[in-house]
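# Breakdown of the fold
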Amino acid sequence: MKKNILFLLVICIVASCATKTKKPEQRSKLLKGFSTYYNTLFNAKDALESEFTSRDKGHKDNFYAPYIPILTYEEQPLGSDLGQSAAFAENSMKMAEVANSKPSGRNNSGIPNIPGMQGNMPGNTETNQEEEGQTKGATTLEIAEAKALKAINKYSVIRNGEEKNKQIFEAYMILAQSRIYQNKPLEALDALNYVFTHMKDDKRLPLARIYQGLAYDKIKDYHRAHETFAKLKGEDINKNYAKLLSIYYSESLLDAGKKEEAARELDIAYDLNTNRKLKSRIAYLRGQVLENLGQNEKARESYASAYKYANDFEFEVKSQIAIAKTFNGKGDYNGAKNYLEGISKKGTYGSRKNEFYYALGLMANKAGKKDEAQQFFRKSLFEKVSDPQIRGLAYYEIGKSYLEKNDYIGAGSYYDSALAVMTYEPSKILLQDQSEYIKKISRNYYLIKKNDSILSLAKMSDAQRTDFFSKYIAKLKIKEEKEEQERRRAERNKGFDTGDYNANSIFANNTNAFEDFGVTTKGFYFSNNGTVSKGTSSFKQIWGERALADNWRFSKKMTSIEDMKNEALGVTSAPNPRRFEPAYYIEQIPTDQGKLAQLKKDRDTASLGLGVMYQNYFTNTPLATKTLYDLIDVKPEEKVMLQALYEIFAMNYEKNPQASERAKQILLTDYPYTSYAEFARNPKNNSFVKSTEDVENEYKKAYALFESEKFSESKDIIDQAIQKYPKDALVPKLYLLNAFNAGKSSGKEVMILQLEQIALNYSKTPEGVRAKEMLNYLKSDLSFQATDNKGNAIPQQPVTNPVQNDQSPSVQDSDIPQRPDMNKVQSVDLGPATPQKPNSQPKKKNKVLDASSDPTIPPRPQ
């Protein structure tokens, strides 16, 4: 009996110790909460906190992005802000292309290796796994996720559809956070849905709602995110939850572009949070938002609050720079300047002098003191570099001042220097474009100056030339004499002068000029020419050719800006033995009329390109208009003249009709039979509305008359309809029908002219495309009586050989953006005689276009 009882006890003990996992509804909630936390959940929580701590320690703020994150374990935002220049605002479309090529918004997940960004922070699983091939095993966030899942699977207790183990709520919060920061927001939402389904009465539910809103924000479902956050704000929730809510809500509003609402929410977050670090970061972010809204005074106050609560040296310095950047120019400039200069001399702030000088330069610019600002920017360059981006921005500001003076060589040089040291990639992309634009403008600008000077000299008489170069030679002698004196003075100061100055010295008779202090020496180093020569050779081997200037170690300065200008103007740097003879210069002036004509043509083409680039690259319409009108005044060839007049009219007719009026009148008076003149009479209008029933009826009437061969009556109805409904969607179709009327009544040449106008004005419509196709067909074998620009007939000469291509520089050779179908003016200008297409067929007589037999006739509207 005893043996049976003992056997049964053993069986019971073995069964109770079995490892079979029970279903959640079969588990007992007794001691499950205790076991959950200390067996698994503690490790999950510890892993998540370890990840956040690691991110916080490795965090480096990118103050050049539009906004900084409030929480330092968030990914850095991606954006662009050179920050001080309107020129970069004009290129916002280009920056949008840069931003669109990468994930948008404040998050920069999955974008590695951008300077100043957090793409390689610990826990960025996508980047780490892709680059390292998971060679280092699971990341900390993956460990936290796995531990949380283990706790849920092992210790969840469900009764009647409700979770009885309260510790499981924490497990799901850790699971949601770890997934959100692994950029898996959809999986995080799936985990949170369990909480909303099985833990409806938990008092901590608002925290789950906060993370739900954050997950919606990560997938860019801003409507649901803001709806979730706004609903929580209307409830009475825990104060700690309210702090977190205000932070996430304000950042989500920024992601959605709602800057005004974000600024108001940041005010609430600033009042709720008492932690100094958070308070400082919230204030700085609020300052950035207000600055973008143009509220510089409020932004300045917010930056001052950020400086007040900052507990980080870097944050203090950048807050001071931001305060200077938002100076409105109307305050106490001298007081603010003295304050910043005083700070830059105190303790550790002295190591950031270059940044403070840059801030002073920004402030001086705002106060209208341009020269003083440039002095501060240059001072910044002479200080030790503490932030390469600030050094690059200082170069940029100096380059911008050169650009404002039309000194493109100087501007390009400083822009290149800025590109070499900048670390923030989006800023470099924008500046790279600016630098390329300046180089293109520079080529045209200095070509114009060089050719203008040559053409001016060619027009002078011999006496005028001799007088001009005599004055130039006198100035050259003074300049070279001054340079020689400076060179000798510099060499003497540096100890490289090998001249004998002992003869005139008071120590001339003293053989021991240098006191012997008992140390055996071989004499003074620089008194030995052989030693100096050897040292100079060794120096050049190590450092190369270096200019005799301050900071010579930092960059290899081969040529000065002045040398670069001379090279662009064709002035040789090597002195010529005959440079003091007027005849040396006079004999280099071209006298051949063909060469002078080519110089004039090249100059005019470059001037046209310069005007177009002013408009397209810098949106400087007044300067572009002035440049092109100056070109018109010097009477360029017809092709360039027409393009210049068109550009002036196209860029001004909507916003500044007065500036375009002169160009319009020249087109209508001197070139009435060109498509440019047609464009001036009727500029394209893209703001079409939906077609009305009245216009459709008018079109049907006009088409019926066209079929009845009543072309003039059809044309009258079309003209009236276009005049009455200029913005109707059927206007391009009406113009096309009118072209067919013209073909029937006036001939193929007039029809071609109208089709060219349709292709020019409505190139993106089906009618415009159709007009281009018809033009290709109609021009394939075209012969007609040519007329001049006044409409007078010109006797046509027989053409036996095809016209050779013009090899001279064209408009396309000077980086001029071309308009569609306008590259060859001859194709749309009926002035000069147009040669026949060379073939063996005899010349055909003109025939009236048979539109009824042509397959391209517009179909009858249904």
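Residues numbered from 1 in each chain as written. Predicted model: local features only at pLDDT ≥ 70, side-chain atom pairs only at ≥ 80, totals over all residues. Heavy atoms only, no water.

### Considerations on the overall build of the chain
The line we're drawing: Put simply, DSSP marks the helices as runs of H or I at least four residues long and the strands as runs of E at least two long, and each gets a number from the N terminus on. For every residue, the accessible area obtained with a 1.4 Å probe (protein chains only) is divided by the maximum for its type, and the residue is called buried under 20%, exposed over 50%, and partly exposed between those limits. Note on contacts: a residue pair qualifies if any of its non-hydrogen atoms lie within 4.5 Å across the two residues.
Each helix and strand in the chain was counted, giving 35 helices and two strands. Residues counted as buried form 43% of the 862 residues belonging to the chain. Taking all contacts inside the chain whose residues are at least 6 apart in sequence as the whole, residues at least 24 apart take part in 66%.

### What to know about helix 34 (residues 748-761)
Each α-helix turn comprises 3.6 residues. Residues three or four places apart therefore point the same way. This is how the line gets drawn: By definition here, a helix of n residues has an expected span of 1.5 Å times n minus one.
With 14 residues, helix 34 extends 20 Å from end C-alpha to end C-alpha; this agrees with the ideal 20 Å at 1.5 Å per step. In terms of burial, helix 34 is largely enclosed, as eleven of its 14 residues are buried. The complete set of buried residues in helix 34 reads E749, M751, I752, L753, L755, E756, Q757, I758, A759, L760 and N761.

### Some thoughts on the environment of R204
As a reminder of what qualifies: Here a polar contact means two N or O atoms within 3.5 Å. Within protein one must be a hydrogen donor candidate and the other an acceptor candidate, and residues neighboring in sequence count only if both atoms are side-chain atoms.
If you trace the backbone, R204 turns up in the loop between helix 8 (185-198) and helix 9 (205-218). Among the residues examined, R204 registers a relative accessible area of 22% and is labelled partly exposed. Distance in space between the C-alpha atoms of R204 and I237 is 9.2 Å, their sequence separation being 33 residues. Every residue in contact with R204, bar those within four places of it in the chain, is listed here: K166, F169, E170 and Y241. A distance of 2.9 Å separates the side chain of R204 from the backbone oxygen of K166, its partner in a polar contact.

### Comments concerning the pattern of salt bridges
Selection rule: Any Lys or Arg side-chain nitrogen located within 4 Å of an Asp or Glu carboxyl oxygen qualifies as a salt bridge.
Summed over all chains, the structure comprises 36 salt bridges. Between E187 and R179 there is a salt bridge, with its nearest N and O atoms 4.0 Å apart. Here E355 and R352 are joined by a salt bridge, their closest N and O atoms 3.0 Å apart. Comparing E355 with R352 shows no difference in burial state: the two are buried.

### Points about unusual backbone geometry
Despite not being glycine, N160 has its phi angle at roughly 55°, a positive value. Here N160 lies in the loop between strand 1 (158-159) and strand 2 (162-163). The backbone phi angle of K635 is positive, close to 55°, even though this residue is not glycine. Positionally, K635 belongs in the loop between helix 27 (621-633) and helix 28 (638-652).

### Topic: a nonpolar patch on the surface
Heads up, the rule is: Residues with no salt bridge and a relative accessible area higher than 30% make up the patches, which join like charges within 9 Å and nonpolar side chains (Val, Leu, Ile, Met, Phe, Trp, Tyr) within 5 Å. The Shrake-Rupley method, run with a 1.4 Å probe sphere, supplies the accessible areas, and residue values consider only the shown protein chains as cover.
Judged by side-chain polarity, I5, L6 and L9 come together as a nonpolar surface patch covering roughly 300 Å² of accessible area. Along the polypeptide, I5 turns up in helix 1 (residues 2-16).

### Points about the confidence of the model for the chain
Detail in the predicted coordinates should be disregarded across regions flagged by low pLDDT. Convention followed: Per-residue confidence from the predictor is given as pLDDT, running between 0 and 100.
Summary statistics for the chain give a mean pLDDT of 74 and a share of 70% for residues scoring 70 or more. Counting contacts from residues 76-105, a segment whose pLDDT is below 50, to residues more than four positions away or on other chains yields 79 contacts. This stretch, residues 796-862, has a pLDDT under 50; its non-local contacts, to residues over four places away or in other chains, come to 128 contacts.

### What to know about the side chain of E163
You can see E163 is positioned in strand 2. Judged by its relative accessible area of 3%, E163 falls in the buried class. Polar side-chain contacts of E163 include one of 2.5 Å to the side chain of S156. At 2.9 Å, the side chain of E163 and the side chain of Y194 are in polar contact.

### Examining the environment of L175
Turning to its location among the elements, L175 is positioned in helix 7 (residues 167-180). Residue L175 is classed as buried on the basis of its relative accessible area of 2%. Note: C-alpha distance between L175 and L149 (26 residues apart in sequence) is 7.1 Å. Leave out the neighbours within four places in its chain, and L175 touches E145, A148, L149, I152 and A191.

### Remarks on the nonpolar core
As a reminder of what qualifies: Nine residue types can take part in a nonpolar core, namely buried Ala, Val, Leu, Ile, Met, Phe, Trp, Tyr and Cys, and a core is a set of them joined through side-chain atoms within 4.5 Å.
Ranked by internal contacts, the top residues of the largest apolar core, which has 76 residues, are Y172, M173, V195, Y211, Y248, Y284 and L285. Ignoring anything within four residues of it in the chain, the contact list for Y284 reads F63, I68, Y303, A306, F315, K318, S319 and A322. Of all hydrophobic cores here, the second largest spans 75 residues; its members include A364, A394, F618 and M641.

### Considerations on helix 8
With 14 residues, helix 8 extends 20 Å from end C-alpha to end C-alpha; this agrees with the ideal 20 Å at 1.5 Å per step. Every buried residue belonging to helix 8 is among P185, A188, L189, A191, L192, Y194, V195 and F196, and all of these are buried. Buried residues in helix 8 make contact with strand 1, strand 2, helix 7 and helix 9.

### A word on the packing of aromatic side chains
Spelled out, the test is: Only centres within 6.5 Å qualify two rings of Phe, Tyr or Trp (six-membered ring in Trp) as a pair; their planes then separate them into stacked at under 30 degrees, edge-to-face at over 60, and tilted for everything else. Both a distance and an angle decide whether a charge sits over a ring: NZ of Lys or CZ of Arg must be within 6 Å of the ring centre and within 35 degrees of the ring normal.
Counted according to the given criterion, the structure contains 33 aromatic pairs. Taken together through their ring pairs, the aromatic side chains of F468, F469, Y472, Y584 and Y585 make up a single cluster. R209 extends its terminal NZ or CZ atom over the ring of F196, reaching a point 3.9 Å from the ring centre. Taking NZ or CZ as reference, K279 lies 4.2 Å from the ring centre of Y270, over its face.

### Brief notes about the packing of helix 7 against helix 9
To keep things clear, this is the line we draw: Angles run from 0 to 180 degrees between N-to-C directions of axes, and those axes are lines fitted to C-alpha atoms, restricted for helices to the stretch in contact. By definition in this entry, angles of less than 35 degrees are roughly parallel, angles greater than 145 are roughly antiparallel, angles of 65 to 115 are roughly perpendicular, and the rest are oblique. The sense of a crossing depends on the near helix, which, turned anticlockwise from the far helix by less than a right angle, makes the crossing left-handed and, turned clockwise, makes it right-handed. Residues are grouped as follows: Ala, Val, Leu, Ile, Met, Phe, Trp, Tyr, Cys and Pro are nonpolar; Asp, Glu, Lys and Arg are charged; all remaining types, including Gly, are polar.
The N-to-C vectors of helix 7 and helix 9 enclose an angle of 15°; their axes lie 11 Å apart at closest approach. In terms of orientation, helix 7 and helix 9 fall into the roughly parallel class. In the crossing of helix 7 with helix 9, the sense of the turn from one axis to the other is left-handed. Seen from helix 7, the contacting residues are F169, M173, Q177 and I180; seen from helix 9, they are L205, L207, A208, Y211, L214, A215 and K218. Considered class by class, the residues forming the contact of helix 7 with helix 9 number nine nonpolar, one polar and one charged.

### Some remarks on the side chain of S252
Relative to the elements of secondary structure, S252 occurs in helix 11 (residues 239-255). Residue S252 is classed as buried on the basis of its relative accessible area, which comes to 1%. Leave out the neighbours within four places in its chain, and S252 touches D217, Y222, A225, H226 and F229.

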